[in-house]
Structure formats: C-alpha cells, structure tokens
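# Summary of the model geometry
As a plain string of letters, each chain reads:
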There are 4 protein chains.
Amino acid sequence: MTSATHGYLGPAGTFTHQALLTLGDLPGEAVPYPSVPAALHAVRSGEVSAVLVPIENSVEGGVSATLDALTHGDPLQITREVVIPVQFDLYVRPGTELSQVRSVVSHPHAIAQCREWLDAHLPDAVVTEGGSTAAAAVVVADPASGFDAAICAPVAGAAQGLVAAATSIADNASAETRFVLVARPGPLPPRTGADKTTLVAFLRIDRSGALLEILEQFAGRGVNLCRIESRPTRTTLGHYCFSIDAEGHLDDARLAEAVMGLHRVCSEVVFLGSYPRADGASPTVAEGQSDADYTEAAAWLAGLRRPDRS
Amino acid sequence: MTSATHGYLGPAGTFTHQALLTLGDLPGEAVPYPSVPAALHAVRSGEVSAVLVPIENSVEGGVSATLDALTHGDPLQITREVVIPVQFDLYVRPGTELSQVRSVVSHPHAIAQCREWLDAHLPDAVVTEGGSTAAAAVVVADPASGFDAAICAPVAGAAQGLVAAATSIADNASAETRFVLVARPGPLPPRTGADKTTLVAFLRIDRSGALLEILEQFAGRGVNLCRIESRPTRTTLGHYCFSIDAEGHLDDARLAEAVMGLHRVCSEVVFLGSYPRADGASPTVAEGQSDADYTEAAAWLAGLRRPDRS
Amino acid sequence: MTSATHGYLGPAGTFTHQALLTLGDLPGEAVPYPSVPAALHAVRSGEVSAVLVPIENSVEGGVSATLDALTHGDPLQITREVVIPVQFDLYVRPGTELSQVRSVVSHPHAIAQCREWLDAHLPDAVVTEGGSTAAAAVVVADPASGFDAAICAPVAGAAQGLVAAATSIADNASAETRFVLVARPGPLPPRTGADKTTLVAFLRIDRSGALLEILEQFAGRGVNLCRIESRPTRTTLGHYCFSIDAEGHLDDARLAEAVMGLHRVCSEVVFLGSYPRADGASPTVAEGQSDADYTEAAAWLAGLRRPDRS
Amino acid sequence: MTSATHGYLGPAGTFTHQALLTLGDLPGEAVPYPSVPAALHAVRSGEVSAVLVPIENSVEGGVSATLDALTHGDPLQITREVVIPVQFDLYVRPGTELSQVRSVVSHPHAIAQCREWLDAHLPDAVVTEGGSTAAAAVVVADPASGFDAAICAPVAGAAQGLVAAATSIADNASAETRFVLVARPGPLPPRTGADKTTLVAFLRIDRSGALLEILEQFAGRGVNLCRIESRPTRTTLGHYCFSIDAEGHLDDARLAEAVMGLHRVCSEVVFLGSYPRADGASPTVAEGQSDADYTEAAAWLAGLRRPDRS
C-alpha cells in the first residue's frame with residue numbers, strides 16, 4: 001500500500017520544488033501536487049510516503065493552508081525542515097522590453113512581496129493573481145494569453161523559455177521560506193540536541209486566560225517558542241487554536257512535561273513531530289531544566305515516597 | 001483634499017460590498033478598490049475618508065493583507081466593525097445543469113470553504129483560483145470563458161444574470177466574516193461600554209518571554225483579549241509582531257494603563273482604534289479594575305505623596 | 001534504640017499539653033520538654049518516637065523556633081496536626097482581688113494576645129515576660145515571688161491552686177493555635193483526600209523573581225497554599241527560605257510534579273511530610289489537575305514516543 | 001503637643017540603643033521604652049517625634065511585635081533605616097570563671113543565636129529567658145539573683161561592672177539587625193535613587209492566587225522585593241497579610257504604579273514609608289521601567305486620546 005515515492009507542492013519549478021532538491025537523499029521520483037491539501041491527502045492515503053510543503057514565509061507569515069491541513073484530518077508527522085531564501089525575477093517572452101509590460105501574473109504571495117517594486121517600476125500594469133508562480137510562467141509563455149510578464153523563480157522562467165526583464169525584485173531582499181517534510185506517524189527522528197517540536201493547542205473555550213496558561217506551560221519549564229500562530233477553529237469568530245514550534249525534542253524531559261501539561265489544560269493537543277532544526281541552533285537550557293535535573297528530582301521524589309525511608 | 005466619499009474592497013457584489021450596505025448611514029457614493037492595499041492607500045492619500053475591508057473570517061482566519069496594510073504605513077484608525085454571515089452558492093449560466101459543470105472558478109478563500117462540497121458533488125471538476133468571487137461571476141457570465149460555474153454570493157451571481165445550481169455549499173454553515181471601517185486618525189468614537197481596541201505590538205527581539213510579558217500587561221489589569229494573531233515583521237523568520245483586539249476602550253483606565261505598559265515593554269505599538277463592538281457584549285470588569293478603582297487608587301497615592309500629610 | 005514514648009513542649013499545663021490530650025490514641029507516657037529545639041532533639045536522637053509542638057497561632061503567626069528547628073538538622077516528618085482554640089484567664093492566689101493586681105507574668109505571646117484587656121483593666125500593672133504560661137502559674141503560686149497574677153490556661157492555674165480573677169481576656173475571642181506531631185522520617189500517612197503537605201523552599205540567591213517562580217510551581221498545577229512564611233536563612237539580611245503548607249498529599253500527581261519542580265528551581269527543598277488536615281477540608285481540584293488527568297497525559301506521551309506508532 | 005525628643009526600644013545598653021547612637025544628628029535626649037508597642041504608642045500619641053525599633057534580624061527573622069504594631073493602629077511612617085552587626089558576649093561578675101557558670105539569662109533571641117555555643121561550652125547550664133539582654137546584665141550584677149552569666153552586648157555588660165567570660169559567642173558571626181526610625185506621617189524623605197519602600201498588603205480572602213497577584217504587581221513593573229513576610233491578620237488561621245520592602249521610592253513611577261495596583265487588588269494596603277537604603281545600593285532599572293519611560297508612555301497615550309489628532 002505504501003509506496004517509496006514522495007511528493008511536493010507543485011508544479012515543477014516552484015520554490016517548494018527547489019527546496020526539495022536540497023534534500024538530496026530522498027529516493028525515487030517526486031510527485032507534484034496541485035495544492036497543499038492534495039499533497040497531504042496523498043500522504044494520508046498512502047499514495048506517497050512523504051511530501052514537502054511550505055509552512056512559513058518571513059514576509060507573508062504562516063501558510064494557512066498547510067497549518068490547517070496538518071491540524072485537521074488523520075495524524076501526520078513532520079520529520080524534517082528546510083529553509084531557503086526566496087527571490088523573485090520578472091520573466092517575459094524574448095523580445096519584450098520592461099517598458100512594454102502592461103500585464104503581470106503571479107501567485108498572490110509573490111505579488112505581495114514585490115508590491116513596492118511593481119508600484120515603482122510598473123505603476124500602470126494590470127496585476128492578476130494566479131495559482132502559482134510556476135503556472136504564471138506557463139501562462140506567459142503563451143503569447144495568446146494576454147499576459148506580458150510573470151513574477152517567478154528563475155527555474156520556472158527558464159523552463160518555459162522566458163527571459164528575465166528584471167531580477168531580485170522582491171521588496172525584502174532577505175526573504176526566506178520554510179518547508180516541512182510530512183509523513184504518516186512513525187518513530188520520531190532521534191534527538192540531535194538542536195531540535196524543534198511542532199504542535200497545535202486548542203484552548204478550552206470556557207477558560208479565560210487560556211493562552212497565558214499555554215505559554216506558562218512552556219515558560220515554567222524553560223522552553224522557548226520559535227513560532228506561535230493563532231488559527232480559527234473553523235467554528236465561530238473568536239475561537240482559536242495555536243500552532244506552535246517549541247525548542248527541543250519530545251525526548252527532552254522539560255518538553256515532555258510541558259507537552260503533558262498542555263494535554264491536561266487544553267481541550268485538544270495535536271502533536272506534529274520533533275525533528276532537527278534547519279539552523280542547527282542548540283537551545284540554552286535554563287538552570288534546573290536539563291534532563292539530569294528532571295531525573296534527579298524524580299529520584300528524590302521516589303525516595304520521599306519509599307515506605308521504608310528512615 | 002479630503003472628500004466625503006468612502007470606499008470598500010471591490011468589486012461590487014463581494015461580501016465586503018454586502019457588509020457596506022448594512023452601514024446605512026454612510027453618505028455619498030462608495031468606491032470599489034481592487035485590493036486591500038489599494039483601498040487603504042486611498043484613505044491614506046485622502047482620496048476617500050473611509051474604506052471597509054475584511055479583517056477576519058471564522059474559517060480562514062485573519063486577512064493577512066489587511067492586518068499588514070493597517071500595520072505598515074501612515075497611521076490609520078478603525079472606527080466601526082461589522083460582522084456578517086458568509087454563505088456561498090454555485091452560480092451557472094441559465095441552462096447549465098449541475099451535472100454538466102466541469103470547471104469552477106472563485107476566490108481561493110471561497111474555494112477553501114467549499115472544499116468538502118466540491119469533493120462530494122463535483123469531484124472531477126477543475127477548480128481555478130481567481131481574484132474575487134464577484135470577478136468569478138463576471139467571468140462565468142461569458143460563455144467563451146471556458147468556466148462553467150462560479151462560487152459567489154447571491155448578489156454577485158444575480159448581477160451577472162446567472163442562476164444558482166446549488167445553494168449554501170460552504171462546509172461550515174455558520175461561517176462569518178468581520179469587516180472594519182478604516183479612516184485617518186481622528187477623535188476616537190465615544191466609549192459605549194461595549195467596545196474593542198485594536199493594536200499591533202512588536203516584541204523586543206532580545207527579550208525572551210516577550211509574548212508572555214505582553215499578555216500579562218492585559219491579564220494583570222483584567223483585560224480580556226478577543227483576538228491575537230502573530231504576523232511576521234517582514235525581516236527574518238522567527239520575528240513576529242502581534243495583532244490584538246482587546247476588550248474595552250482607550251478611555252477605560254485599565255485598558256489605558258495596559259496600553260501604556262505595552263508601549264514601555266515593546267519595541268513599538270501601533271494603535272489602530274477603539275470602537276463599538278458589533279456584538280454589543282459588555283465585558284465583566286474584574287474586582288479592582290473599574291475606572292472608579294483606578295481613580296480611587298490615584299487619589300490615595302496623591303494623598304501619600306502630599307508634603308503636608310499628617 | 002527507638003522508644004514507644006512521645007513528648008511535647010512542656011511544661012504540663014500548657015496549651016501544647018492540652019492539645020496532646022486530644023490525640024487520644026498515643027501510647028504510653030508523654031515527656032514534657034523545656035523548648036521546641038529540645039523536643040525535636042529528643043525525636044532526632046531517638047529518645048522518643050514523636051513530639052507535639054506548636055507551629056502557628058492565629059494571632060502571633062508562625063512559631064519561629066519550631067519552623068527553624070524543623071528546617072535545620074536531621075530530617076523530620078510531620079505526621080498529624082491538631083488545632084485548638086486558645087483562651088486565656090487571669091489567675092491569682094485565693095484572696096487576691098483583681099483591683100489589687102500590681103504585677104502580671106506570662107509568656108510573651110500570651111501577653112501580646114491580652115494586650116488590650118491589660119491596657120483597659122490593669123493599666124498600671126507591671127507586666128513581665130516569662131518562659132511559659134504554665135511556668136507563670138507556678139511562679140504566682142509562690143507568694144514570695146512578687147507576682148500577683150499569671151495569664152495562663154485554666155488547666156495550669158487550677159493545677160497550682162490559683163483562682164481566676166478574670167476569664168477570656170484575650171483580645172481576639174476566636175484565637176487558635178495549630179500543633180504538629182513530629183517524628184523521624186518513615187512511611188507517609190496514607191492519602192485521605194483532605195491532606196496537607198509541609199515543606200521549606202530555599203531560593204537560589206542569584207535568581208531574581210525566585211519567589212514568583214516558587215508560587216508558579218504550585219499555581220501552574222492548581223495547588224493552593226494554606227500558609228507561606230518567610231524565614232531568614234541565617235546568613236545575611238535579605239536571604240530567605242519559605243516555609244509552605246500546600247493543599248494535597250505527596251501521592252497526588254499534581255503535588256508531586258509541583259514538588260519536583262520546586263526541587264529543580266530551588267537551591268534546596270526540605271520535605272516535612274504529608275498528613276491529614278485537621279479541618280478535613282478537601283481541595284477543589286482544577287480542571288486537568290486530577291490524578292486521572294496526569295495518568296492520561298503520561299499515557300498519551302508514551303504513545304507519541306512509541307517507536308512503532310502508526 | 002509634639003516634642004522634639006525621640007525614643008527607642010530600651011533599656012539603655014541594648015542593640016537598639018547602640019544603633020541609635022549611630023544616628024548622630026538626632027536632637028535632644030532619647031527616651032527608652034520598655035516594648036515596641038510602648039515605643040510606637042509614644043510616637044502615635046505625640047509624646048516623642050520618632051522612635052527607633054528593630055524590625056528584622058538576619059538570624060531570627062522579622063520582629064513580629066514591630067511588624068504588627070506598625071500595621072495596626074494610627075498611621076506611622078518609617079523615615080530612616082540603620083543596620084548594625086550584632087555580636088554577643090557572655091558576661092559574668094568579676095571572679096566568676098566560665099567553668100563555674102551554672103545558670104545563664106538573656107533575651108530569647110540572644111539565647112537562640114548562641115544555642116550552639118551554649119550546647120558546646122555550657123551543656124549543663126540552666127538557661128532562662130528574660131526580657132532583654134540589657135536587663136539580663138542588670139540581673140546578673142546582683143549576686144543574689146541566682147544567675148551566673150548574661151548573654152548581652154559589651155555596652156550592657158560593661159555598664160553593670162561585669163566582665164566577659166567569653167566573647168563573640170553567636171553561632172553566626174555575621175549576624176546583623178536592621179532598625180527603623182518611625183515617625184508620624186509627614187513629607188516623604190526626598191528620593192535618593194537608592195531607596196526602599198515599606199508597606200503591608202492585606203489579601204482579599206475570597207481571591208485564590210492573591211499572593212501571586214501581589215507579586216505580579218511588582219514583577220510586572222520591574223520592582224524587586226527586598227523582604228516579604230507573612231503575618232496573620234489576627235482573625236482566623238490561614239488569613240495573612242504581607243509585610244513588604246520593595247526597591248525604590250514612592251516618587252519612582254514604576255513603584256507608584258505598582259502600589260496603586262496593590263491598592264486596587266488588595267482589601268487594604270498600609271503604606272509605611274519610602275526612605276534611603278542603609279546599604280546605598282541602587283536598583284538596576286529594567287528596560288522600559290524608568291521614569292522617562294513612564295512619562296513617554298503617558299504622553300503617547302495623551303496623543304492618542306487627543307480629539308484633534310490627525
């Protein structure tokens with residue numbers, strides 16, 4: 001039932017594809033999927049063993065489709081992360097000058113990230129939102145499309161025989177996107193000492209101060225958070241769950257206790273994996289919060305409870 | 001320079017337009033704008049005095065474009081909010097049967113909210129993302145467009161002479177969207193006792209536990225939060241600001257002190273207005289946190305400091 | 001080595017003696033000790049198996065001698081508590097009228113608790129502090145002592161052949177004192193559901209906010225405190241340890257985790273026992289903090305860590 | 001009505017007297033009072049303008065009589081503090097050898113602080129508690145008293161013609177005691193930048209987590225505490241108030257706001273003064289908590305509330 005192949009958010013030529021290529025050791029052929037839900041469905045159904053999807057962009061923020069599709073549905077597990085710089089160029093058909101560009105097409109996030117450049121250099125162009133940056137290149141390659149230019153990655157533009165009319169047009173030169181490799185639940189990747197744990201915490205609705213209580217589960221054990229984002233629970237306005245990346249591995253005692261604490265005070269906790277950090281940064285462990293401190297405290301407690309202590 | 005007219009996120013026929021019509025007392029003609037940044041730019045430049053834009057959807061979450069465009073740029077102020085239920089129908093050209101639909105077009109959020117219905121009733125249809133639900137109706141009205149159906153609001157479908165092939169197709173029947181009326185800074189709307197205050201808090205980067213510290217500014221004064229969402233600061237991954245709706249008005253003493261506290265511990269606070277809540281819900285004021293309590297405490301302090309006390 | 005006898009803070013006729021008599025089931029003869037340190041030394045050395053000492057008075061506060069002698073030295077364990085009302089009478093030799101009383105002797109705490117009565121009824125009497133209320137009665141019984149009256153318990157006055165010149169003279173009619181029965185460490189008394197745990201937490205000196213951190217160990221697990229008192233660590237001014245009574249038994253999961261947390265963040269924790277509450281009051285267990293909640297969270301964690309989960 | 005004279009906890013020769021002598025600039029004759037309540041009563045009644053009383057000892061802890069007498073009754077104000085090392089000698093009549101000492105008398109605190117020395121060097125001596133160390137020297141000076149030795153300060157022993165049989169006999173060589181000069185309410189001593197503020201906070205009885213809430217009033221504004229001690233409220237067991245020394249002056253904005261916060265969340269706050277610290281240590285002011293930060297935040301808030309802002 002399970003195949004050895006893997007997939008990614010396509011089409012070929014997107015930044016996700018580019019990120020996938022940096023994971024050199026994945027076996028076999030990669031399958032592009034048209035959307036994040038489709039990619040995660042392929043993992044859940046066993047069609048592929050893992051898929052790479054974007055989860056966060058330094059300019060646009062969390063990728064809602066990914067956060068929600070990871071949260072709702074059969075359990076999934078993040079096993080790796082990869083972060084790559086994101087840069088955009090303006091691709092046109094050979095022969096088109098920048099000054100001739102009257103219409104531009106791209107993915108809404110790409111458009112948003114190049115907004116200032118577009119306002120400065122193509123103030124009169126009509127800008128249309130399309131499904132992906134790679135699809136935009138495909139559209140522009142067709143002279144009958146009515147579109148003069150696509151904002152896309154070099155790999156996508158080149159693949160369609162387009163040429164760059166402008167390069168590095170994103171407003172923020174250091175933008176980067178983070179991608180996660182998602183599989184069905186299995187053994188956790190071993191602890192490396194520089195790990196990250198992703199989970200989703202649903203607040204008890206009738207509990208005021210519930211978010212503070214969640215943060216205190218981590219803070220009280222010296223666990224820092226790398227990311228926290230609210231997402232609606234899809235019921236009514238004002239009900240949220242929180243998607244969280246915490247420093248550390250589920251095999252770290254402090255994180256394990258924090259996660260059990262969350263489990264007790266939340267209406268639901270969805271665990272989405274512990275995996276090595278892309279940046280390799282090890283956390284500073286606060287005094288009293290190392291594994292040795294937890295082991296020692298448990299031994300002390302056991303001694304106090306021993307019926308024959310004297 | 002300032003005109004009396006106002007605008008909204010267009011085109012005509014979107015839910016924003018529908019929400020605008022519920023604000024019956026706005027004078028003059030409303031101008032549709034093609035994007036949230038364009039609408040807010042029109043206010044900032046003085047082209048219109050106010051615009052209505054969506055800020056939050058119970059299914060899709062915060063509208064990132066709105067949150068970011070409010071945060072960055074010249075100061076703006078929210079003066080009203082309105083919440084309306086969001087329901088979608090599937091509109092086709094007269095004569096098209098549901099069973100004949102092979103291609104569907106709509107805004108990505110609308111598609112996302114109707115995903116289950118689409119999977120169940122049109123599993124083989126090609127679904128294309130377009131710029132708005134109203135634009136989708138325009139496209140479908142053209143038989144040469146190649147699209148058979150649009151997911152849109154009734155007002156948009158009817159305006160294009162389309163007919164409903166299916167109604168109430170959103171997966172969540174109680175979905176609603178919240179809109180805010182945005183103007184340039186001016187006098188705050190008077191306190192009603194059932195108010196909301198919106199602001200954006202930027203964390204000090206070098207301060208661990210900064211989010212906890214922000215929440216405590218509110219919790220310590222008995223101020224509940226209605227909404228909190230992280231947004232990237234647009235620099236590097238892992239740096240966030242928090243968009244917050246807090247219960248109460250800037251003229252409430254507890255909220256004023258909390259907001260001053262934020263101002264001291266954050267690197268920046270963007271105040272976006274105090275305005276009446278759409279749901280008219282009054283907060284429960286915790287013991288010791290009423291205006292009278294603050295006034296009394298200040299008088300007591302003044303007495304202690306009086307040079308001639310005896 | 002260990003004898004079956006027990007002791008108490010003497011001499012006979014003190015409130016401690018009176019409290020001891022309410023513990024009807026203690027076997028053998030009770031030995032009075034002249035001071036709390038002497039009584040606790042008798043337990044530590046094995047001279048007696050247990051002693052009853054006062055730990056807290058509703059008017060005078062914690063009994064420092066007891067708190068300190070429990071904290072410093074070989075480990076001890078509280079196994080029972082008893083609370084009795086404390087009332088004082090003014091005892092004189094037969095024939096002495098109240099109006100003739102020119103000098104009064106008693107224990108400093110007794111004097112303090114009758115201060116208002118003394119000021120009102122014997123404003124001109126010389127009041128001298130002695131070692132105990134029972135000793136005061138002994139002194140007054142001797143006409144050569146120069147003392148006219150003793151403030152003491154009825155049992156002590158009667159034992160010396162004195163008569164009451166005034167009764168119920170304490171300023172606070174509902175004063176009570178709490179006593180604890182102290183033994184060497186052994187099996188904990190079984191959990192009753194209405195228990196109390198006593199411990200002493202030493203702050204890390206170099207840790208600002210250390211007291212807050214201690215309180216959060218309890219608050220974060222829904223454990224209420226019945227009593228908290230600072231005591232100097234006997235080094236320099238400004239260094240404190242905290243003597244704490246917490247609701248619950250060491251066999252309660254929430255208390256056990258709180259106590260392990262204390263052990264990790266404090267420089268030292270002295271555990272002084274879990275035992276039934278004298279008032280039989282059961283705590284309200286907060287949502288998510290029952291033993292079942294802890295067990296369930298641990299099982300959930302184990303499932304997440306299982307290498308073969310799928 | 002008010003005299004220029006001042007007083008202290010007598011008799012002459014106590015450590016309080018010794019501490020008083022270090023306050024060289026007090027005018028006129030100092031009056032010794034037999035007890036702390038008597039001394040504070042003399043201030044309240046206008047008999048003297050100020051008295052010096054001990055408030056805290058590094059070994060014995062807070063002086064309950066002082067804490068309670070400051071808290072209950074007409075308002076008082078601490079205007080200065082002084083800390084002196086406390087050392088004890090064993091004084092005997094000339095001709096008595098240490099080996100001949102069979103009975104010792106002293107104040108209970110002095111006895112407690114020399115307990116180890118007594119156990120080691122005079123294990124068989126009868127030790128009796130008396131009213132003060134100075135009084136003990138008076139008693140021993142009388143050969144008919146039946147007491148061989150007094151534990152007291154050199155000044156007291158010498159004044160009675162006694163000689164030291166042993167010196168520096170306190171178990172803790174670095175013990176020190178802190179004294180406060182107490183007056184009726186008046187202008188606060190000017191802020192020096194190295195100040196301390198003393199107050200008593202009464203918890204709302206029906207408010208769980210009330211102590212945590214008190215600590216957060218300080219912690220949330222970056223105000224460190226130098227001392228916190230629980231005292232019974234004199235009603236029933238389990239009801240406490242907290243005597244607190246906080247870093248800073250009532251004219252520091254952060255302290256003022258914290259104190260107003262206390263006033264709101266407590267059932268009562270007794271302010272006991274802001275005065276220069278004896279050790280001259282200036283606090284480290286946390287980021288965002290300086291007076292300038294408070295002023296700036298208030299100006300910012302005023303700008304947001306200005307009706308004509310634009």
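In case you missed it, the structure is sitting above this.
## Quick word on the overall build of chain A
Secondary structure assignment for chain A yields 10 helices and 15 strands. On the principal axes, the C-alpha backbone points of chain A span a range of 90 × 45 × 35 Å.

## Points about the interface of chain D and chain C
Listed per partner, the contact involves 36 residues of chain D and 36 residues of chain C. Counting residues per element, the ones that place at least two in the side of chain D that touches chain C are strand S8 (126–129), strand S11 (176–183), helix H8 (210–219) and strand S13 (225–232) of chain D. Ranked by residue count, the leading element in the side of chain D that touches chain C is S13 of chain D, at seven residues. Here the side of chain D that touches chain C is composed, by residue class, of 12 nonpolar, 14 polar and 10 charged.

## Description of the packing of helix H8 (residues 210–219) of chain C against H8 of chain D
The interhelical angle for the contact between H8 of chain C and H8 of chain D, taken along N-to-C directions, is 140 degrees, at an axis separation of 10 Å. Accordingly, the angle class assigned to the pair H8 of chain C and H8 of chain D is oblique. For the pair H8 of chain C and H8 of chain D, the crossing hand works out as left-handed. The segment H8 of chain C lies against H8 of chain D, with Leu211, Leu212, Leu215 and Ala219 of chain C engaging Leu211, Leu212, Leu215 and Ala219 of chain D. A class-by-class count of the residues in the contact of H8 of chain C with H8 of chain D yields eight nonpolar, no polar and no charged.

## Some thoughts on the relation of the copies chain A and chain B
The transform that puts chain A on chain B rotates by 180 degrees and translates by 0.1 Å along the axis, for an RMSD of 0.1 Å. The two molecules are tied by a two-fold rotation axis, judged by turn and shift. A shared interface surface links the copies, since 94% of the contact residues of chain A are contact residues in chain B too.

## Topic: the relation of the copies chain D and chain C
Relative to chain C, chain D is turned by 180 degrees and slid 0.0 Å along the rotation axis, the superposed coordinates differing by an RMSD of 0.1 Å. When the interface residues of chain D are mapped onto chain C, 97% of them again lie at the interface, so the same face is used by both copies.

## A closer look at the sheet that holds S13 of chain D
All names here are of chain D. Here four strands make up an open sheet; going across it, the order is S13-S14-S12-S15 and the pairing antiparallel. Across the chains shown, the open sheet's two edge strands, defined by having one partner strand only, are S13 and strand S15 (268–276). Strand-to-strand twist in this sheet, taken as the mean axis angle between neighbours without regard to direction, amounts to 15 degrees. Pairing between strand S12 (residues 195–202) and strand S14 (residues 240–247): seven bridges, direction antiparallel.

## Concerning the interface of chain A and chain B
Contacts between the two partners involve 36 residues from chain A and, on the opposite side, 35 residues from chain B. Sorting the residues of the side of chain A that touches chain B by element identifies strand S8 (126–129), strand S11 (176–183), helix H8 (210–219) and strand S13 (225–232) of chain A as the ones contributing at least two each. If you tally residues by element for the side of chain A that touches chain B, the top one is S13 of chain A, at seven residues.

## What about the sheet that holds strand S15 (residues 268–276) of chain C?
Residues and elements named next belong to chain C. Read across the open sheet, the four strands follow the order S13-S14-S12-S15; overall the sheet is antiparallel. Where the open sheet ends on each side, the last strands, each with one partner, are strand S13 (225–232) and S15. Across the sheet, the mean angle from the axis of one strand to that of its neighbour is 15 degrees, orientation sign disregarded. Judged from the seven bridges that link them, strand S12 (residues 195–202) and S15 form a sheet pairing that is antiparallel. Among the inter-strand pairings, Lys196 is bridged to a residue of S15, identified as Tyr275. Relative to S13, helix H3 (residues 64–71) is tilted by about 85 degrees, and along the sheet it contacts S12, S13, strand S14 (240–247) and S15.

## Comments concerning helix H6 (residues 133–141) of chain A
With seven of nine residues buried, H6 of chain A is to be regarded as a mostly interior element. Against the buried residues of H6 of chain A lie strand S6 (89–92), strand S7 (103–106), helix H4 (108–113), strand S9 (149–152) and helix H7 (154–159) of chain A.

## Some points on helix H6 (residues 133–141) of chain C
Of the residues making up H6 of chain C, those classed as buried are Thr133, Ala134, Ala135, Ala136, Ala137, Val138 and Val140 of chain C. Contacts from the buried residues of H6 of chain C go to strand S6 (89–92), strand S7 (103–106), helix H4 (108–113), strand S9 (149–152) and helix H7 (154–159) of chain C.

Definitions and limits used
Residues numbered from 1 in each chain as written. Chains lettered and ligands numbered in written order. Predicted model: local features only at pLDDT ≥ 70, side-chain atom pairs only at ≥ 80, totals over all residues. Helix = DSSP H or I, 4+ residues; strand = E, 2+ residues; numbered from the N terminus. Contact = placed C-beta atoms within 7 Å. Nonpolar A, V, L, I, M, F, W, Y, C, P; charged D, E, K, R; others polar. Axes fitted to C-alpha atoms, helices over the stretch in contact; angles between N-to-C directions. Parallel < 35°, antiparallel > 145°, perpendicular 65-115°, else oblique. Left-handed = near helix turned anticlockwise from the far one by under 90°. Least-squares fit on C-alpha atoms with pLDDT ≥ 70 in both. Pairing = 2+ DSSP bridges. Buried ≥ 20, exposed ≤ 12 C-beta atoms within 10 Å, placed from the backbone.

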